[in-house]
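# Examination of the molecular architecture
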Amino acid sequence: MHTEYIEINEINFDETVNKASELIREGKLVVFPTETVYGLGADGLNGQAVRNVYAAKGRPLDNPVILHVSSIEMLDRLVVDRPEISDLLIEKFWPGPLTMIFKKSNIIPKEITAGLDTVAVRMPNRKFTLSLIKASDTPLAGPSANTSGKSSPTSGEHCRHDLDGKVDMIVSDGDTEVGLESTVIDLSVKNPMILRPGAVTFEMLRAYIPNLEIDSTILESSSDLIPKSPGQKYKHYAPDAEALLFTGGNEEIVRNMKEYIAKNRTKKIGVLSTTENVSEFDRENVLVLDMGSRDNLNEVAHRLFGSLREFDRIGVDLILCEGFEENEMGLAVMNRLKKACSNKIIKGENK
Ligand code: AMP
Ligand code: MG
């Protein structure tokens, strides 16, 4: 299949919305930008089109996808028994990186929900994509536009790398701002529960939901626990090389990383470091990528997936990743890092 790649600008914006929405209405696949990561879009009410999304990504069929909407009216056609708290969350966080899970209405094809009786919905904060959904007049199915198991794409180029020849169109609109996938909160249960941490943090949500819970598999990564969200059980974000995550106090992290480097001199090592620690590796003969300052985890999140992909491109044997405290944005960053490192963690003694 030929994949049309369009970089949008002010001049071709309207024309691209029209072209992309025609493809969506014909049941075709269009990769679209959002503020979190790029999405692999199809008409979310067309079961066959959604099956093609799974096939293009190589996504397991039991992993449901998120529907992207451009209005509350569209949301209300997709769900039943929408709880009152969702009005407040919509007011505070939409359009934005918060996905809510509701009981589904009967217009949702089974391919969207992988047979569950709930559906995940989000309103993305990108002008192009909101215009595309409106023009298509249908919710867009939109899992991340990467090959399943790899890091989510934060630029049009990442999508082209994974999906060229497998989708009809890729609409590129620069880098995504957040760089991590949306927070997922389940509102279909008695006590709302975070199933995936993201840029709308636990702390931000708890301000409105005092009884908010968090899926215990996000905090403890024991292999005995099964995540509530089907997608969370799969291997994710895996770089080509083996990756290790270092946790503890900052000095301890650096010391343990250097010890590890000393023991593995024959390997080509990549280090994912914060700005503050980059110079620590000057004399180590390793390849260091700067993730941004420890004081700005939004920047770290923004660069994380691109850095993992950069190590794949360069080709290293081993990746050492600096860890963070698991609160606020650190919870989302650590969730992705733990998965990228297949839970191989070198723990320090100090917090
Ligand atoms: P992605 O499409 O890559 O952003 O991943 C979507 C995430 O939302 C996956 O972890 C899915 O398992 C999760 N998800 C989607 N729909 C549901 C649902 N109805 N219940 C629980 N988790 C869901
Ligand atoms: Mg994904």
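Before any of the text, the structure's been laid out above.
Residues numbered from 1 in each chain as written. Chains lettered and ligands numbered in written order. Predicted model: local features only at pLDDT ≥ 70, side-chain atom pairs only at ≥ 80, totals over all residues. Heavy atoms only, no water.

### So, the overall build of the chain
Counted only if it meets this: Secondary structure is summarised from DSSP: a helix means a run of H or I of at least four residues, a strand means a run of E of at least two, and numbering begins at the N terminus for each. Note on method: radius of gyration uses C-alpha positions; expected globular size equals 2.2 Å times residues raised to 0.38. Burial classification: accessible surface area is computed with a 1.4 Å probe over protein chains only, and a residue below 20% of its type maximum counts as buried, one above 50% as exposed, and the rest as partly exposed. The contact criterion used is simple: two residues touch if any of their non-hydrogen atoms lie within 4.5 Å. All accessible areas in this document rest on Shrake-Rupley with a 1.4 Å probe, and a residue is counted as covered only by the protein chains that are shown. Neither His nor the chain ends contribute to the count of charged residues, in which Lys and Arg are positive and Asp and Glu negative. Positions of charges follow a simple convention, taking NZ of Lys, CZ of Arg, CG of Asp or CD of Glu.
When its secondary structure is counted, the chain shows 12 helices and 17 strands. Taken against the 2.2 N^0.38 rule, which gives 20 Å for 351 residues, the C-alpha radius of gyration of the chain at 20 Å falls within 12% of a compact globule. Relative to its full complement of 351 residues, the chain shows a buried share of 57%. The contacts in the chain between residues at least 6 apart in sequence include a share of 68% that link residues at least 24 apart. Of the roughly 15,300 Å² of accessible surface on the chain, 46% is carried by carbon and sulfur atoms. A gap of 4 Å separates the mean positions of the 42 positive and 53 negative side-chain charges of the chain.

### Section: the sheet that holds strand β14 (residues 269-273)
Our working rule: Two strands make a pair as long as DSSP finds a minimum of two bridges between them. Axis geometry follows a simple rule: fit a line to the C-alpha atoms, using only the stretch in contact for helices, then measure angles between N-to-C directions, giving values from 0 to 180 degrees.
Pairing is parallel in the open sheet, where five strands are placed in the order β15-β14-β16-β13-β17. Two strands close off the open sheet at either side, each with one partner strand: β15 (287-290) and β17 (345-347). When the angles between neighbouring strand axes are averaged without regard to direction, this sheet yields 20 degrees. Examined bridge by bridge, strand β13 (residues 242-247) and strand β16 (residues 318-322) share five bridges and lie parallel to one another. Bridge pairing links Leu245 to Cys321 in β16. The strands that helix α12 (residues 329-340) touches are β13, β14, β16 and β17; relative to β13, the one it contacts most, it runs at about 140 degrees.

### Considering the site of ligand 1
Note the cut-off: Whether a residue is near a molecule or strand depends on its heavy atoms: if one lies within 4 Å, it is near. Throughout this description, a polar contact denotes any pair of N or O atoms lying within 3.5 Å of each other; where both atoms belong to protein, one of them has to be capable of donating a hydrogen while the other can accept it, and for residues adjacent in sequence the pair is counted only when both atoms sit in side chains.
Contacts to ligand 1 come from 17 residues, most closely from Asn63, Thr118, Pro143, Ser229 and Gly231. Between Ser229 and ligand 1, the recorded distance is 2.9 Å, taken from a side-chain N or O atom to a nitrogen atom. When the free accessible area of ligand 1 is taken as 500 Å², the share hidden by the protein chains comes to 94%. Listing elements by their share of the shell around ligand 1, those giving two or more residues are β7 (118-122) and β11 (193-196).

The quantities given are spatial measurements derived from coordinates; they are silent on function.
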